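Single-letter residue listing:
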Amino acid sequence: MKKTQWLVTGVLSSLIAGTLSGCSDDLPPQPDDPSCQDWEWDDDQGVWQCDDTHSSHYHHYYYGGGYFSNKSSLLKSKSYKSYRSSSTFKGGFGSGSKGGFGG
C-alpha cells in the first residue's frame, strides 16, 4: 500500500507542478523597462501592470511598448482591441485562450 500511495502522490505532484508552470510559461515576458521594477499580470486584460509603488507608472497597464494610465484608455487603443479579439489574447478566465485553469 505504501508504494501505491507514493506513486499516486508523485503523479499528482507532477501534474500540479506541470499545470502551474504551464500557466506562467504561456504569458508574454515581463516588460524590460527601468521605470518599473515590479510587474503583476492582469489576467482580465491580458497585459502586464506596473506594481512598483515607487514608479510614476504605478498601476498603469503596459501594452505594445507603452503605458496606459487606466483601463479605459487601454480599451480605447486600436492595437489593444485587435489583440483582445485575436487568438493570441492571453487573458480572461474562461475566455478560451491559453492561460488560466486548463489552459
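Cut-offs applied
Residues numbered from 1 in each chain as written. Predicted model: local features only at pLDDT ≥ 70, side-chain atom pairs only at ≥ 80, totals over all residues. Heavy atoms only, no water. Phe/Tyr/Trp six-rings, centres within 6.5 Å; stacked < 30°, edge-to-face > 60°. Helix = DSSP H or I, 4+ residues; strand = E, 2+ residues; numbered from the N terminus. Buried < 20%, exposed > 50% of the residue type's maximum accessible area, 1.4 Å probe, protein only.

Trainee: Any chance you could explain the packing of aromatic side chains here in plain terms?
Mentor: One pair of aromatic rings is described through two measures. These are the centre distance and the angle between the planes. According to the stated counting rule, one finds eight aromatic pairs in the structure shown. Consider the rings of Trp39 and Tyr62, whose centres lie 5.5 Å apart with planes at 70 degrees: the pair is edge-to-face. Taken together, the positions of Trp39 in strand β1 (residues 39–42) and Tyr62 in strand β3 (residues 61–63) put the pair 23 residues apart, joining distant regions of the chain. Given a relative accessible area of 8%, Trp39 falls into the buried group. Ring pairs connect the aromatic residues Tyr63, Tyr80, Tyr83 and Phe89, which therefore count as one cluster.

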